[in-house]
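Reading the structure
As a plain string of letters, each chain reads:
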Amino acid sequence: MRTGGSSKEPFGSFNMGLHVGDDPQAVISNRQTLCDELGFSFARFSCAEQIHGNKVMRITAAEAGAGRETFEESIAKTDGIYTDEKGILLTSFYADCVPLYFIDPASLAIGLAHAGWRGTVGRISEEMIRAFARDFGSKPEEILTAIGPSIGGCCYEVDDFVIDQVKQSSNRWQTCVTKTGQGKYMLDLKLLNQLIMEEAGIRPEHILRTDWCTSCRPDLFFSYRKEAGKTGRMASYIGWA
Ligand SMILES: [Zn+2]
């Protein structure tokens, strides 16, 4: 949600992104407010650079707190972060891209992945599931996931360049695409992520997928497309207190 913070427009008001031109002190204050509400230490507020890639990285106490006050100190060139340690608040930032959440109840591994169209077709969700299996012995059929608010199939128009890569990302890509004109398509990125998760071994009943569209509801969400790039970022977060 974009409400409840101290940033001024066009970042009004709960902007969590340090890289969008907002007053850094307002962003830090907003991040501290979130930590206070969650009962986490701001010193353990941890974030990654997010470059629309598919790399995921494990966060330990040594990396905890990365990027909380300056963007340059974020975990470099990474779009997914995960941990099994207590007291680390994993965060990532959004204005239309898809936030993905992961938890393995057996090992207590948790993770967040940032999936715009590039991360989605790069199957970053599968990268996270593989990392859980490798590092924690997680079984994909036991992992629970959630797919949060993003731009919806109602508002996300893309071109042939994007669709050519969507076609290679999942056998069921056609379910997510509606052709609307010559070289124009509407793409449901949330659904595409769900299909890729299922292909990676997640049980359908273990995937929670919201219908909220960030572009349809600028009163609730920041939307890069709706607001022509001048907007803030919402945070997704997950952590063991
Ligand atoms: Zn919409």
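Residues numbered from 1 in each chain as written. Predicted model: local features only at pLDDT ≥ 70, side-chain atom pairs only at ≥ 80, totals over all residues. Heavy atoms only, no water.

We count it as follows: UniProt positions are given in the numbering used here, feature names are shortened, and annotations may be inferred rather than shown by experiment.
Going by the annotation in an unreviewed UniProt entry, the name recorded for the chain is Purine nucleoside phosphorylase, with Brevibacillus fluminis given as the source organism. The UniProt entry for the chain carries the following text under Function (unreviewed entry): "Purine nucleoside enzyme that catalyzes the phosphorolysis of adenosine and inosine nucleosides, yielding D-ribose 1-phosphate and the respective free bases, adenine and hypoxanthine. Also catalyzes the phosphorolysis of S-methyl-5'-thioadenosine into adenine and S-methyl-5-thio-alpha-D-ribose 1-phosphate. Also has adenosine deaminase activity." According to the UniProt record, the Cofactor (unreviewed entry) comment for the chain is "Zn(2+)".

So, the coordination of the zinc ion
Selection criterion: Metal coordination here is assigned from N, O and S atoms located within 2.8 Å of the ion, or within 3.2 Å for Na, K and Ca; omission of water means that sites may look incomplete. Whether a residue is buried, partly exposed or exposed follows from its accessible area with a 1.4 Å probe, protein chains only, as a fraction of its type maximum: under 20%, in between, or over 50%, in that order.
Coordination sphere of the zinc ion, protein contribution only: Cys154 (SG), Cys155 (SG), Cys213 (SG) and Cys216 (SG), at 2.3 Å. Among the residues examined, Cys154 registers a relative accessible area of 52% and is labelled exposed. Of the residues examined, Cys216 reaches a relative accessible area of 44% and is grouped as partly exposed.

Considering the pairing of strand S4 (residues 89-94)
Where we set the bar: Helix and strand assignments follow DSSP, with helices taken as H or I runs no shorter than four residues and strands as E runs no shorter than two, numbered in order from the N terminus. Each pair of strands is called paired provided DSSP finds at least two bridges between the two strands.
Among the 6 residues in S4, 6 count as buried, and that is most of the element. Burial of S4 is two-sided: the residues Leu89, Thr91 and Phe93 facing one way and the residues Leu90, Ser92 and Tyr94 facing the other way are all buried. Relative to S4, strand S1 (residues 45-47) runs parallel, the two sharing 3 bridges. Bridging from a neighbouring strand, Phe45 pairs with Leu89 of S4.

Looking at the sheet that holds strand S12 (residues 234-238)
Stated precisely, the cut-off is as follows: Helix axes use the C-alpha atoms of the stretch in contact, all axes being lines fitted to C-alpha atoms, and the angles between their N-to-C directions lie in the range 0 to 180 degrees. Residues count as neighbours in contact if any of their non-hydrogen atoms are within 4.5 Å of one another.
Strand order across the open sheet formed by 3 strands is S1-S4-S12, with mixed pairing between neighbours. For this open sheet the edge positions go to S1 and S12, each flanked by a neighbour on one side alone. Within this sheet the neighbouring strands show an average axis-to-axis angle of 40°, counted without direction. Sitting on the sheet, helix H1 (residues 24-38) touches S1, S4 and S12, and the angle it makes with S1 is about 125°.

A few points about empty space enclosed by the protein
Just so we agree on the cut-off: Each cavity reported here is a set of points on a 1 Å grid over the protein atoms alone in which a 1.4 Å probe fits but cannot get out, each pocket an open set with protein on both sides within 12 Å along at least five of seven lines, and each lining residue one with an atom within 4 Å of a point. Grid points are joined across faces, edges and corners, and a volume is the space filled by probe spheres set on the points. When residues are sorted by character, Ala, Val, Leu, Ile, Met, Phe, Trp, Tyr, Cys and Pro go into the nonpolar class, Asp, Glu, Lys and Arg into the charged class, and all the rest, Gly among them, into the polar class.
According to the stated counting rule, one finds 1 cavity of 30 Å³ or more in the structure shown. Its volume calculated, the largest cavity comes out at about 50 Å³. Lining the largest cavity are Gly17, Leu18, His19, Arg31, Cys47, Ala48, Phe71, Ser74 and Phe93. In terms of residue class, the lining of the largest cavity is made up of 5 nonpolar, 3 polar and 1 charged.

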